[in-house]
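Structural overview for review
Listed here are the chains, written in short residue letters.
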Amino acid sequence: MTADPLADLPALLALASDVLDAAAPRFVEGIGAPSAVSKGRNDFATELDLELERTISATLRGETGIEVHGEEFGGPQLSSGTAWVLDPIDGTFNYSQGHPLSGMLLALVHEGEPVLGLTWLPLLGQRYAAAAGGPVLLNGQPLPPLPHARLAEAMIGFGAFNIDATGRIPGRFRFDLLGPLSSLSSRVRMHGSTGIDLAYTASGILGGAIVFGHHPWDNAAGVALVRAAGGVVTDLAGEPWHIGSGSVLAAAPGVHEELLEMICAVRTV
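Residues numbered from 1 in each chain as written. Predicted model: local features only at pLDDT ≥ 70, side-chain atom pairs only at ≥ 80, totals over all residues. Heavy atoms only, no water.

**Topic: the pairing of strand S7 (residues 126-131)**
Sheet topology places strand S6 (residues 113-121) next to S7; 6 bridges connect them, and they run antiparallel. Considered in S7, the bridge of Gly-117 is made with Ala-130. Linking two consecutive strands that pair antiparallel, namely S6 and S7, is a turn of 4 residues; a positive phi of about 70° is found at Gly-125 within it. Between S7 and the antiparallel strand that follows it, strand S8 (residues 137-138), lie 5 residues; Gly-133 among them carries a positive phi value of about 100°. (Pairing = 2+ DSSP bridges. Helix = DSSP H or I, 4+ residues; strand = E, 2+ residues; numbered from the N terminus.)

Structure, rendered in structure tokens:
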């Protein structure tokens, strides 16, 4: 790579794509891997999470000289400088159960903003990739920009849900969103994978996605894809998304405004 790797984002995107392609057969081979490391209630990592993160991270560092921040082993802070952000298995619970809705997420973050996003879904044969400015590529072919759309005609991806959950975004608030969302949108979908929700928003399969998680390895790649597709990305309060944001609201133009209006109405009740 050059002294300034960001000078050639398409080359970095091609290199990152090759790295994920090389890891994909092992991802497919390992589906159904059991929990190996407990990370809290209903959260765990498999041995494949650990193996893939080690392998992918080592290759990226060696090929680009850029450090990697991974879900399992951490890495450099992300609010400044440049770093790869890696989730070796997104949708781990799905993956461990043999469910195909799972994938590998990789982003390149510069000064707190994702400039490359890659969402690899090997079990579905789908590879989403984009550099800042677009277009979004699906299996190497460019997708059209997202058109202005209406919530009534859109399917919406909905994040992790447990009515008894406490914390930053309690389960009760998530529950309170489901009623109006189900009446205003065409359909609500819970895929169990943030990466899929955001990639499908970028491609227009979904009209939008509501993500309650804040982890950069879950969100950065998909945010890059939606932005590259011409979508709107904020947090649930409507503030512009950045690497430290506590949630994601991503949608096609028009749908985003309607979703934000709905969320604000629920907050004030």
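From this point, the discussion proceeds with the structure in view.
**Considerations on the environment of Thr-46**
Within the secondary structure layout, Thr-46 lies in strand S2 (residues 43-46). The exposure class assigned to Thr-46 is buried, which follows from its relative accessible area of 0%. It is 9.5 Å that separates the C-alpha atoms of Thr-46 and Gly-30, two residues lying 16 residues apart in sequence. (Buried < 20%, exposed > 50% of the residue type's maximum accessible area, 1.4 Å probe, protein only.)

**Describing the pairing of S6**
With 8 of 9 residues buried, S6 lies mostly within the body of the structure. Relative to S6, strand S5 (residues 103-110) runs antiparallel, the two sharing 7 bridges. For Val-109, the partnering residue across the bridge sits in S6 and is Pro-114. Hairpin geometry of S5 and S6 is characterised by an intervening segment of 2 residues between the two adjacent antiparallel strands and by a positive phi of about 50° at Glu-111.

**Some thoughts on helix H6 (residues 216-228)**
For H6, spanning 13 residues, the distance from its first C-alpha to its last is 18 Å, which sits close to the expected 18 Å at 1.5 Å a residue. Most of H6 is tucked away: 12 of the 13 residues are buried. Among the residues of H6, Pro-216, Trp-217, Asp-218, Asn-219, Ala-220, Ala-221, Gly-222, Val-223, Ala-224, Leu-225, Val-226 and Ala-228 are the ones counted as buried. Downstream of H6 by one or two residues, Gly-230 has phi in the positive range, about 90°. (Expected span 1.5 Å × (residues − 1).)

Function cannot be read off these values alone, since they describe shape.
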